Every structure is written in C-alpha cells, then in structure tokens.
Amino acid sequence: MSDRNDSGDYRITTKNRHKRPIVSETPRPQKKREPSAWWSILNELGIQPSKALGQNFLHDRAIVRRIAESAEIAAGALVVEIGPGLGVLTQELAERAGRVIAIELDPRLASYLRERDLSHTEIVESDILQTDLRVLTGGEPYVVVANLPYSVATAAITHLLESSAPPARLVVMVQREVAERIVAAPPSMNLLAVSVQLFGHPRMMFTIGPGAFVPAPTVESAVIRIDVYDQSAIEPAERKVFFQMVKAGFRQKRKQLANALTAAPGLNKENVEPALIASGIDPTRRAQTLSLDDWVRLHGALRGLRADA
Ligand code: SAM
C-alpha cells in the first residue's frame, strides 16, 4: 500500500494515486472511510505522510467510536485532542463533547481542518510539547483523547501529567509496547511506569492491528486510559530528588538496590541501606520489583535520614 523513501516518509504509490483531476478547493471529507478515500484526500492536499510526525491516519470508524467511548465524555465537557490529522477522531469527539480544542503541528492539516469548520471545535497549530495546557484551557477541567504520534507519545504523556493544569483523564493510542510498559506492575516495573503511575492509574483498554491505519505502521497499537489523581504522592518540589533516586535504580537494574541507588546524588551506603530496611524493602531486591508505593515510602525514609544528617 505504501513505500517509505530514504527520509523515512511514506510515498503514495501509483496504485493509490487519486484518478480524478486535482481540484483547487479544499477537499470535503468523503462518506467512504476505506484506505483509498484517505489516500485521495492526502493526495489532493499534497501530503506524503511523515514518519517523523507519526502520520498514520485511522480509517476504521468502529475503532474511532471505541476510543471516544473509552473516554466517557460528558455532554458539556472540554476535550483536548493532540494531532487531529484528517479529523476522523475530532469529528467523533465534537459530536459528544461541549467543546474540542485540537492541537496539530502540521500547518497543512491544521488549515485543512479549519476549512472543514467542525462545530464547536478550535484548531490550534502548535507543538504539544511547547503548549502550556493551563493557558490553552484557561484552567477549565478537560480530558485528553488522542491517537498520539509515536515519535512524541511518551514525551506528550509526561508533559500533560506534569503540567500545572493536568487533564482529569487521558485516553490515548500509543505503540502497544509503550502501552505495556506504562501499565506494568512488579516484578516488571520500569522508569516510564513509575513516571506515569505517580500521577494516575493507567489501564489497557484494547489493542489495534496495523490495518486500521493509512499508511499501515509496522507495529501494533494499543489504547490506554489514565485516570489522573487529584494529587500526586510526591510534591512538585520533591520530584527532582525522587526521580534521581528512581533513575539510579533503573540505570543499573541488574544490581541490588543497596548498590544501584548510591549512584544518585546525596545517596550512599550509610543512608540507602537503613532507608531500605526502614521502608520494609529487602536491600537485595532489584528496581523492577518495587511498586510505586515502595518508591514513595523509600523516598520518605531517605528524606527523614537526610533531614537528620
Ligand atoms: N488523529 C488522527 C487519526 O487518528 O487519524 C491522526 C493521528 S496521527 C497518529 C498523529 C498526528 O499528530 C498527525 O496529524 C501529526 O501531524 C500530528 N503531530 C505530530 N507531532 C505533533 C506534535 N508535536 N504536536 C501536535 N501534533 C503533532
């Protein structure tokens, strides 16, 4: 269906080229949602889907509906979508929400969507990683629903969770392998799982094969839902020190915690081992066996020891 060129972009093959003459007016969305309809629109817009921008567009309406249903959008709710692309999910969200703000980095897609004039939908041309969510939403409660670009998926999730105005929940499609890392539990924990689970409870909703997208990606995808806590267990001012400890643990994950954690600033044999014991954690355990609660208790014990020193 598609080839990739040297720059990693996808090329529209002759087979998929639109046969009708290219018209100058903005193409209207078509009733048909099969892959060839999407290729026609992309071709008319002169867009070769970019791998760097994670441009794999959903065409399966049943999946689009399942994503929106997973978000349990209340009638008047504000929804923020990241990467609306050709607008298939945007349209579904606009039908369910009070208002949709969709952030799209690609200017061609942003102007295509503006011309479609979707009801109560605002298209913002911006990079999600540079977007201040408090400014964007004006402090109003919101939920995030998105088929995230693979290239920035984990960065976008942590940017949203660490924001001073985080969403109430996120329902996002990511690479299946990333989804599995986010919902991991002991004894298979990892740094990304701790970074997400500190802020909310993640759940795997469903998985999706490559055939649901144009162009088809080489990997499987999954939709996860993260219900964000009102308050995270670690205060913003403490997070740097907390993550220095967690990162040290995972950087040398074959090492026992009593040794691995001493790589973090301010940690040494004298404080690490007593803190592990005081937290009820066997010093011979490895980082991947600790739950988020274990890390939070350990941080508290180390903080106490540091304060005593
Ligand atoms: N929502 C559409 C769908 O489901 O078919 C498109 C999803 S596609 C996987 C990802 C979209 O994110 C693309 O439209 C891409 O241009 C956009 N995008 C890529 N990087 C972005 C960024 N940093 N900020 C905002 N949008 C971005």
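These numbers were taken from a predicted model, which means no experiment stands behind them. Throughout this description, residue numbers start from 1 for each chain and increase along the sequence as written. Restriction of local features to residues with pLDDT of at least 70 applies here, the model being predicted, together with a cutoff of 80 or more for giving and counting side-chain atom pairs; totals for whole chains, interfaces and linings are based on all residues.

K.L.:
Quick question: what am I supposed to make of the site of the ligand here?
P.N.:
Here, nearness means that the C-beta atom of a residue, built from backbone geometry, sits within 6 Å of the molecule or strand in question. Around the ligand lies a shell of 24 residues, among which G83, G85, L105, N147 and P149 are the nearest. Listing elements by their share of the shell around the ligand, those giving two or more residues are β3 (57-58), α3 (88-96) and β5 (99-104). For the shell around the ligand, the residue count by class is 15 nonpolar, six polar and three charged. Numbering of helices and strands runs from the N terminus, with a helix taken as a DSSP run of H or I at least four residues long and a strand as a DSSP run of E at least two residues long. Under the scheme applied, nonpolar residues are Ala, Val, Leu, Ile, Met, Phe, Trp, Tyr, Cys and Pro; charged residues are Asp, Glu, Lys and Arg; polar residues are all the others, including Gly.

K.L.:
Is there a simple way to explain the sheet that holds strand β8 (residues 169-175) in this structure?
P.N.:
The strands making up a sheet associate through backbone hydrogen bonding, with each pair oriented either parallel or antiparallel. Two strands pair under a simple rule: DSSP has to find at least two bridges between them. Pairing within the open sheet is mixed, and its seven strands lie in the order β6-β5-β4-β7-β8-β11-β9. The two strands at the open ends of the sheet, each matched to only one other strand, are β6 (121-125) and β9 (200-208). Adjacent strand axes in the sheet meet at a mean angle of 20 degrees, parallel and antiparallel pairs treated alike. By the bridge criterion, eight bridges tie β9 to strand β11 (residues 221-228) in an arrangement that is antiparallel. The residue bridging M204 from the neighbouring strand is I224, located in β11. Relative to the sheet, helix α4 (residues 107-116) contacts β5 and β6, its axis offset from that of β6 by approximately 160 degrees. Here the axes come from fitting lines to C-alpha atoms, over the contacting stretch only for helices, and the angles between their N-to-C directions go from 0 to 180 degrees. Residues are scored as being in contact if the C-beta atoms we place from backbone atoms lie within 7 Å.

K.L.:
Sorry, what's going on with the nonpolar core here?
P.N.:
Inside soluble globular proteins, nonpolar side chains tend to come together where they are buried. Within the largest apolar cluster, 82 residues are counted, with the highest numbers of intra-cluster contacts made by I67, V79, V144, V145 and V172. Residue ranges for the domains trace back to a domain assignment, done automatically or taken from a database. There are two domains that each give this core at least three residues, and those are domain 1 (16-228) and domain 2 (236-308). Note on definitions: a nonpolar core is a set of buried residues drawn from Ala, Val, Leu, Ile, Met, Phe, Trp, Tyr and Cys, linked by C-beta atoms within 7 Å. Any residue whose C-beta has 12 or fewer other C-beta atoms within 10 Å is treated as exposed, any with 20 or more as buried, and any in between as partly exposed, C-beta atoms being built from the backbone.

K.L.:
Help me understand unusual backbone geometry in this model?
P.N.:
Note on backbone geometry: most residues besides glycine have negative phi, and most peptide bonds are trans. Across the junction of P186 and P187, the peptide omega takes the value 10 degrees, indicating a cis bond. Note on placement: P187 falls in the loop between α7 (176-182) and α8 (191-197). At the junction of V214 and P215, the peptide bond is cis and its omega measures out at -10 degrees in the coordinates. Relative to the elements of secondary structure, P215 occurs in the loop between β10 (213-214) and β11. Of note, E72 is a non-glycine position whose phi angle comes to about 45 degrees, a positive value. Residue E72 is classed as exposed on the basis of its C-beta count, with 12 C-beta atoms lying within 10 Å. Backbone geometry places H120, a non-glycine residue, at a positive phi of 35 degrees. With respect to the helices and strands, H120 occurs in the loop between α4 and β6.

K.L.:
What is the right way to read the environment of R303 from this model?
P.N.:
Looking at where R303 falls in the secondary structure, it is placed in helix α12 (residues 292-308). R303 gets classed as partly exposed once you count the C-beta atoms within 10 Å, which come to 14. As for R303 and F242, which are separated by 61 residues in sequence, their C-alpha atoms are 9.7 Å apart.

K.L.:
Explain the pairing of β6 to me, please; I cannot follow it from the model alone.
P.N.:
On any regular strand, side chains alternate: one points to one face of the sheet, the next to the other face. Bridge count between β5 and β6: five bridges; the pairing is parallel. Paired with V100 across the strands is T121, a residue of β6. We call a crossover right-handed when, viewed with both strands directed away from the observer, the connection leading from the first strand over the helix to the second proceeds clockwise. In this fold, β5 hands off to α4, which returns the chain to β6; that crossover is right-handed.

K.L.:
What am I meant to see in the environment of A146 here?
P.N.:
Within the secondary structure, A146 is located in strand β7 (residues 143-147). Residues A146 and E81, spaced 65 residues apart in sequence, show a C-alpha to C-alpha distance of 5.2 Å. Every residue in contact with A146, bar those within four places of it in the chain, is listed here: E81, I82, G83 and V172.

K.L.:
Whenever I open this one, the packing of helix α2 (residues 61-70) against α3 confuses me. Can you help?
P.N.:
For any two helices packed against each other, one specifies the crossing angle of their axes together with the interaxial distance. Two numbers describe how α2 lies on α3: the axes approach to 10 Å, and their chain directions differ by 45 degrees. Here α3 runs oblique to α2, going by the angle between their axes. The way α2 lies across α3 gives a crossing that is right-handed. Side by side, α2 and α3 meet where V64, R65, I67 and A68 of the first sit next to V88, L89, E92, L93 and R96 of the second. Here the contact of α2 with α3 is composed, by residue class, of six nonpolar, no polar and three charged. Between 65 and 115 degrees an angle is taken as roughly perpendicular, under 35 as roughly parallel, over 145 as roughly antiparallel, and anywhere else as oblique. Crossing handedness is read from the near helix: turned anticlockwise from the far helix by less than a right angle, it gives a left-handed crossing, and turned clockwise, a right-handed one.

These values are about where atoms sit, not about what they do.
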